[in-house]
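Chain and residue survey
One-letter residues, chain by chain:
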Amino acid sequence: MPEGRPNILFIMSDDHASHAMSCYGSRINRTPNLDRIAEGGMRLDNCFCTNSICTPSRAAILTGTHNHVNGVTTLATHMDNRLTTFPKLLRDAGYATAIFGKWHLGTGPEHCPTGFDDWAVLPGQGLYHNPQFIFDGPDGGTPRVMRGYVTDIITDLCLDWLGRRDRSKPFCLLYHHKAPHRHWEPDEKHAHLYLNEEIPEPDTLYDDYANRASAAAAAKTRVGVHMNERDLKCDISRNLDESELRKWAYQRYIKDYLRVIASVDDNVGRVLDYLDAEGLTDNTLVIYTSDQGFFLGDHGWFDKRFMYEQSLRMPFILRYPREVAAGSVNGDIVTNVDFAPLFLDLAGLPAPADMQGRSFRPLLGGRTPDDWQQSMYYRYWMHKDNPHNVYAHYGVRTRRYKLIYYYADPLGQPGANAGCEEPEWELFDLEADRDEMRNVYADPAYAAVARDLKRELHRLQAELGDQRYPRDVD
Ligand code: CA
């Protein structure tokens, strides 16, 4: 391998929450192949996205910048494919690069993947069965329908490319699953799983949203209540009260969610086997992550968007035997804008000055720099989006606390809907209230904490160049 630079296999699924991975202690499923990555390397316990929604998170990962900088603030703002991304920089430095699977940053000549030697991506969300892909080609690519199940096909495309890649170069392969995104449609092989089982319910399935900002009760992301027949694969006009509806729909929803994950796990296993068989395991950085977390009935919800833990947290496990001790765990704060600088660092390249993230390579070796970040900045822009109705908010999370400001204003963002709400604050003490059920913003005992967090929030906004909402005053 030239200069000993590692290969990079970046595996990203869509909406896979870490509490549905056994290496993160899942109570509801087993993921033996994903666990192989964690057992052979490191698990990050405090990896967060800076905007919990597909398109913006993907742009942050590729560019190493926050969404107010890369311009991809909502699902309706597609990425300008002239932006600098880590695959482009790696390719310029001699890497063979490719992406297969979910892209979701737009289509056509201005938004299709760039910086890759080869690619094939799903248009938009794509389909689970017999999906169309857009293959690398002129004018934004060439569409072609592929027969079969999407998770298998994406894996086949990756294995095929690995087999025919230029072996004189290290590779960087982005292996992006559609699963387990809504509408959670399993393949035949896994459709029988959990048939005669009851999946354990989360502690907060019957949350009534008391003691929270009004945004929580306003969200239209409740299990059962805001699901449709496509989500539940049956008629949902049942004569149930809301608690009964949540209980019944949770079982239907979570089983399909876990079934599509079982296929992801199987397929990741196929690729790990390939690396072993080809003698590539030692010199390949393998990552498994997801573009954000997901509510698995937590707070009575499915979906994401909120800055609450299950949505904010990204699973992030990696294996790189040359630098990372097997079975290690790290609890430092890392965000999705830090990924690109890490990859460049491992390839021996400096991160461009306009990348806002920082390489966390020292963390992989068990060394946390004294000046490592102690907080992270979050912003969800897509106010009252259809149909989820989550209010626009920003906030800061530290190791112990989380401060959220629902400014609740569309600010003219594409995909956001009109109708401002009165701004509200939420403060959670995650040590005392891990489930985020009690907003202590107005509690006099937390006045000093709230003041300090607000100062930290505004410091981060100034440092990152984001605009504070005019009504957010000290
Ligand atoms: Ca997603």
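Definitions and cut-offs
- The residue numbers shown here count from 1 along each chain, following its written sequence.
- Reporting in this predicted model follows two pLDDT cut-offs: at least 70 for local features of residues, and 80 or more for side-chain atom pairs to be given and counted; totals over whole chains, interfaces and linings ignore these cut-offs and use all residues.
- Values reported for side chains reflect all heavy atoms of the structure, with hydrogen atoms and water molecules removed beforehand.
- Only runs of H or I of at least four residues qualify as helices and only runs of E of at least two qualify as strands under DSSP, and these elements are numbered from the N terminus.
- One less than the number of residues in a helix, times 1.5 Å, gives the span that helix is expected to have.
- Note on contacts: a residue pair qualifies if any of its non-hydrogen atoms lie within 4.5 Å across the two residues.
- These domain boundaries are the output of an automatic or database domain assignment.
- Throughout, buried area stands for the accessible area (probe radius 1.4 Å) lost by two parts on being put together, summed over both.
- Put simply, a salt bridge is a Lys or Arg side-chain nitrogen that is within 4 Å of an Asp or Glu carboxyl oxygen.
- Between any two strands, at least two bridges found by DSSP are needed for them to pair.
- Every axis in this analysis is a line fitted to C-alpha atoms, fitted for helices over the stretch in contact. Angles between the N-to-C directions lie between 0 and 180 degrees.
- Listed donor atoms are N, O and S within 2.8 Å of the metal (Na, K and Ca: 3.2 Å). As water is not included, a site may look incomplete.
- Angular criteria define each label, namely tetrahedral for four donors with all angles between 85 and 135 degrees, square planar for four and octahedral for six donors with opposite donors over 155 degrees apart and remaining angles between 65 and 115, and irregular for whatever fails these tests.
- Remark: exposure states derive from per-residue accessible area (1.4 Å probe, protein chains only) relative to the maximum for the residue type, with buried under 20%, exposed over 50%, and partly exposed in between.
- In these notes the angle categories are as follows: under 35 degrees is roughly parallel, over 145 is roughly antiparallel, 65 to 115 is roughly perpendicular, and the rest is oblique.
- As a working rule, the residues Ala, Val, Leu, Ile, Met, Phe, Trp, Tyr, Cys and Pro are called nonpolar, Asp, Glu, Lys and Arg charged, and the rest polar, with Gly in that last group.
- Among the buried residues, those of types Ala, Val, Leu, Ile, Met, Phe, Trp, Tyr and Cys that are joined through side-chain atoms within 4.5 Å form a nonpolar core.

1. Focus: helix H12 (residues 447-464)
Across its 18 residues, H12 extends 26 Å between first and last C-alpha, which sits within 8% of the 26 Å expected from 1.5 Å per residue. Among the structural elements, helix H3 (67-70), strand S13 (375-380), strand S14 (393-398), strand S15 (401-406) and strand S16 (424-429) are those in contact with the buried residues of H12. Directly beyond the C-terminal end of H12, a positive phi value near 80° is found at Gly465.

2. Examining the domain arrangement of the protein
One can read the domain layout of the protein as domain 1 (7-186 + 252-365) and domain 2 (376-464). For the pair domain 1 and domain 2, the two sides together bury roughly 2,500 Å², of which 62% comes from carbon and sulfur. The three residues of domain 1 that bury the most area against domain 2 are Arg305, Met307 and Tyr308, which together make up 28% of that side's buried surface. Of the charged contacts, one joins Glu309 and Arg397 as a salt bridge, the two residues approaching to 2.8 Å between their closest N and O atoms.

3. With respect to the sheet that holds S15
Ordered in space as S13-S14-S15-S16, the 4 strands form an open sheet in which the pairing is antiparallel. The open sheet has two free edges, formed respectively by S13 and S16, since each of these has just one partner strand. The mean inter-strand angle of the sheet, taken between neighbouring strand axes irrespective of direction, is 15°. Two elements, S13 and S14, share 6 bridges in a ladder whose sense is antiparallel. Residue Met376 lies in a different strand from S14, and its bridge partner there is Arg397.

4. With respect to the coordination of the calcium ion
The protein atoms that coordinate the calcium ion are Asp14 (OD), Asp15 (OD), Cys54 (SG), Asp291 (OD), Asp291 (OD) and Gln292 (OE1), at distances of 2.1 to 2.6 Å. Viewed at the metal, the 6 donor atoms of the calcium ion are separated by angles of 52 to 161°, and the geometry they form is irregular. Within one chain, the residues donating to the calcium ion are spaced in sequence as D-D-x38-C-x236-D-Q. Overall, Asp14 belongs to the buried group, its relative accessible area being 0%.

5. A word on the pairing of strand S4 (residues 96-101)
S4 sits mainly inside the fold: 6 of its 6 residues count as buried. Both S4 and strand S8 (residues 171-176) contribute to a ladder of 6 bridges, which runs parallel. Counted as the bridge partner of Phe100 is Tyr175 from S8. Note: S4 against strand S5 (residues 118-121), 4 bridges, orientation parallel. Directly across from Phe100, in S5, lies its bridge partner Ala120.

6. A few points about the sheet that holds strand S6 (residues 132-135)
As summarised here, the arrangement of the 10 strands in space is S7-S6-S5-S4-S8-S1-S9-S10-S2-S11, forming an open sheet in which the pairing is mixed. The sheet is open, and its two borders are formed by strand S7 (142-145) and strand S11 (328-330), each paired with just one other strand. Sheet twist, expressed as the average angle between the axes of neighbouring strands with direction ignored, equals 15°. Contacting strand S1 (7-13), strand S2 (42-44), strand S9 (284-290) and strand S10 (316-319), helix H1 (residues 32-39) runs over the sheet at an angle of about 65° to S10.

7. Overview of the pattern of salt bridges
Per the stated rule, a full pass over the model turns up 42 salt bridges. Between Lys402 and Glu436 there is a salt bridge; the shortest N-O distance is 2.6 Å. Here the residue Lys402 occupies a position in strand S15, and Glu436 occupies one in the loop between S16 and H12, the gap between them amounting to 34 residues. Since its relative accessible area comes to 0%, Lys402 is described here as buried.

8. Points about the packing of helix H5 (residues 150-164) against helix H8 (residues 242-277)
For any two helices packed against each other, one specifies the inter-axial angle together with the distance between the axes. As a packed pair, H5 and H8 sit with axes 9 Å apart at the nearest point and diverge in direction by 10°. One element, H5, and the other, H8, form an angle in the roughly parallel class. Taking contact as the criterion, the partners of Thr151, Asp152, Thr155, Asp156, Leu159, Leu162 and Gly163 in H5 are, on H8, Ser263, Val264, Asn267, Arg270, Val271 and Tyr274. A class-by-class count of the residues in the contact of H5 with H8 yields 5 nonpolar, 5 polar and 3 charged.

9. Considering the nonpolar core
Membership of the largest hydrophobic core comes to 112 residues, with the highest contact counts inside it found for Phe86, Phe133, Phe339 and Phe360. By residue number, the principal contributor to this core is H5, which donates 8 residues. Looking at which domains feed residues into this core, each of domain 1 (7-186 + 252-365) and domain 2 (376-464) supplies at least three. In contact with Phe86, other than residues within four places in its own chain, are Ile61, Leu62, Cys172, Leu174, Ala340, Phe343, Leu344 and Met355. Counting 21 residues, the second-largest nonpolar core is a separate cluster that includes Leu232, Tyr253, Leu258 and Phe294.

10. A look at unusual backbone geometry
Most peptide bonds take the trans form, and the phi angle of most residues other than glycine is negative. Of note, the amide linkage connecting Ala179 to Pro180 takes the cis form, showing an omega dihedral of -5°. Inspection of the secondary structure puts Pro180 in the loop between S8 and helix H6 (214-218). Geometrically, the link from Asn386 to Pro387 is a cis peptide bond, its omega value of -5° lying close to zero. With respect to the helices, strands and loops of the structure, Pro387 is situated in the loop between S13 and S14. The phi dihedral of Asn130 is positive, around 45°, even though this residue is not glycine. Along the chain, Asn130 falls in the loop between S5 and S6. Relative accessible area serves as the criterion here: at 29%, Asn130 is assigned to the partly exposed category. Even without a glycine there, the phi angle at Ala408 is positive, about 55°. Take Ala408: it is sitting in the loop between S15 and S16.

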